[in-house]
Every structure is written in structure tokens, then in C-alpha cells.
Amino acid sequence: NNAKRVISQLIEFGETKRGWLGVRIQYVTNEIAEVEKLDKPRGALVASVADGSPSDDAGIKPGDIILEFDGKIINEMVELPKIVAATDVGKKVKVKVWRNQREITKEIILGRLETSSDFKPQGKVTEKPKENTIEGLKITVRLLNKQDILERDLPKGTSGVVITKIEKDSPINYLEENNIIVEAQKKKINTIGDLDNIVKMRLRGSEKTLLIAIYNNQNQRRYIGVKLN
């Protein structure tokens, strides 16, 4: 069916015209579903939204979980790109998302993938200012600075902490040095103390699952559910 659609477009237009949302998405894990109070892991979690994209214009935000697109239920993340690509460019579609533990509906006018701007790969961070330890996560971090934002071409106004060391028994030992933590529990990280305080509060509470947002070393924004020790 996909081949027929592509062939039909090539015959009619001489090129392909595939739908584009302008989001990076990831799987909804058990931990993320638990933190978001979702009944089960389903949908596609929005990790980041491209500036000026159809999703940005419609008010889609990082952390939203897309549950339904144009009347089609999204059971797993991999289903969404196929459905979007097969949808007509310029069509206004209703998108159901899970935000702040409730379902809301947004209307998006679909863009065209072939004319969209892709996310740019960036260089490494080399500056090493003062470092502090987040005991609850067993990591060492430093504050994100303007040079980091410039070199990695992060969105203006980005704030957070850069991971400089990860202990082997850290609950996030699968991450990498130079990953950037920008959110914890949907709260923006402006200082090292912000992250430390949120981690300590979760450790003192009954729920030991923490939701963080990071930029990985390919400068892709991701959400991660963390089981604290």
C-alpha cells in the first residue's frame, strides 16, 4: 500500500509528498506510564518539538503522549510515523494527547516531510566548570552554560546540568557522560540544586520513580523513567 501511494505521487507530482508533524518521539515505558498515571504503556511520547513545525504551531509540547492521530489509536510509538507519512499534506487532523494526567485534543495542519528542516547533529562539550554530585542519582554534574548551548545548537533558553561522571551502580548508568538533564518531574532544571532537591523529595516520598528529560549526545531530547534506589 505504501508503494502504491509513492508511485501514485511520483506519477502525479514527480516527487513524494509525505505528512510531517515536526516531533521526535520515543516509546512509553512502564516507568514513564507509571509516572504519568497512564493506565498502561501506550502511545508515542513526544521527546522534542521542532520550532515552527506543525506540532509547535498547534501547541504540542515535549512530554505529551500522543494517543490518537486522525481517529487512529496509537498503541505503540512505531505506528505513528507510518500513519503520519500516509496522511495528506495540508490536512487538518485531530490529535488526542495525554498531558498532566488527562486527555486533551489538539488540531494540527499537517506539514510536508520533504520540505522540513531536520534536527542538526552537533559537536561535543569541552568546557569543564565546577562540578557537584547528585547523591540520589550517583552522578556528578556541572551547570549548562552559554557555550554548551551554542556548540550543541540547543534551543534558546535551554537550562539544565551536564553529566560529567556516572557511577557503575547509578540508577541511570545506561546514560552517557555529556548527556544533559533539563527536566525532572516536568520541572525545568535551572540550577544543580533544583535537580538535587527534586531527587531528595522523591526519595523521601512513597513513590520512588522519577521522570527526567535529557538531551543525549546526538542532541536528541528524550524522557526517561528512573527507578531510584
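Here, residues in each chain are numbered from 1, in the same order as that chain's written sequence. Confidence filtering applies because this is a predicted model: local features only for residues at pLDDT of at least 70, side-chain atom pairs given and counted only at 80 or more, and all residues used for totals across whole chains, interfaces and linings. The basis for every side-chain value is the complete set of heavy atoms in the structure, and neither hydrogens nor water enter the calculation.

Mind showing me how you'd approach unusual backbone geometry here?
Despite not being glycine, Asp 70 shows a phi value in the positive range, around 55°. Its identity as a non-glycine residue notwithstanding, Gln 101 has a phi of 65°, on the positive side. The topology assignment puts Gln 101 in the loop between strand S6 (92-99) and strand S7 (102-109). Secondary structure elements follow DSSP: runs of H or I of four or more residues count as helices, runs of E of two or more count as strands, with numbering from the N terminus.

Honestly, the nonpolar core in this entry has me stumped. Any pointers?
In summary, soluble globular proteins display a tendency toward joint burial of nonpolar side chains. Grouping buried Ala, Val, Leu, Ile, Met, Phe, Trp, Tyr and Cys residues that are joined through side-chain atoms within 4.5 Å yields what is termed a nonpolar core. Throughout this description, buried means an accessible area under 20% of the type-specific maximum (1.4 Å probe, protein chains only), exposed means over 50%, and partly exposed covers the range between. Residues Leu 137, Ile 139, Leu 195, Leu 210 and Ile 212 are the most contacted members of the largest nonpolar core, which totals 22 residues. A per-element tally of this core places helix H6 (residues 192-204) first, with 4 residues. Ignoring any residue separated from it by four or fewer positions in sequence, one finds Ile 139 in contact with Asn 132, Thr 133, Ile 134, Ile 163, Lys 165, Ile 166, Ser 170, Ile 172 and Ile 181. Counting residues in each nonpolar core, the second largest holds 21 residues, with Val 23, Val 49, Met 77 and Leu 80 among its members. Between two residues, a contact is recorded if the distance between any of their heavy atoms is within 4.5 Å.

Got a minute to help me understand the environment of Leu 144 in this structure?
The residue Leu 144 is located in the loop between strand S10 (139-143) and helix H5 (146-151) in this model. When its relative accessible area of 10% is taken as the criterion, Leu 144 is described as buried. For the pair Leu 144 and Thr 158, spaced 14 residues apart in sequence, the C-alpha separation works out to 8.4 Å. Not counting residues within four places of it along the chain, the set of residues in contact with Leu 144 comprises Ile 149, Leu 154, Thr 158, Ser 159, Gly 160, Val 161, Val 162 and Ile 180.

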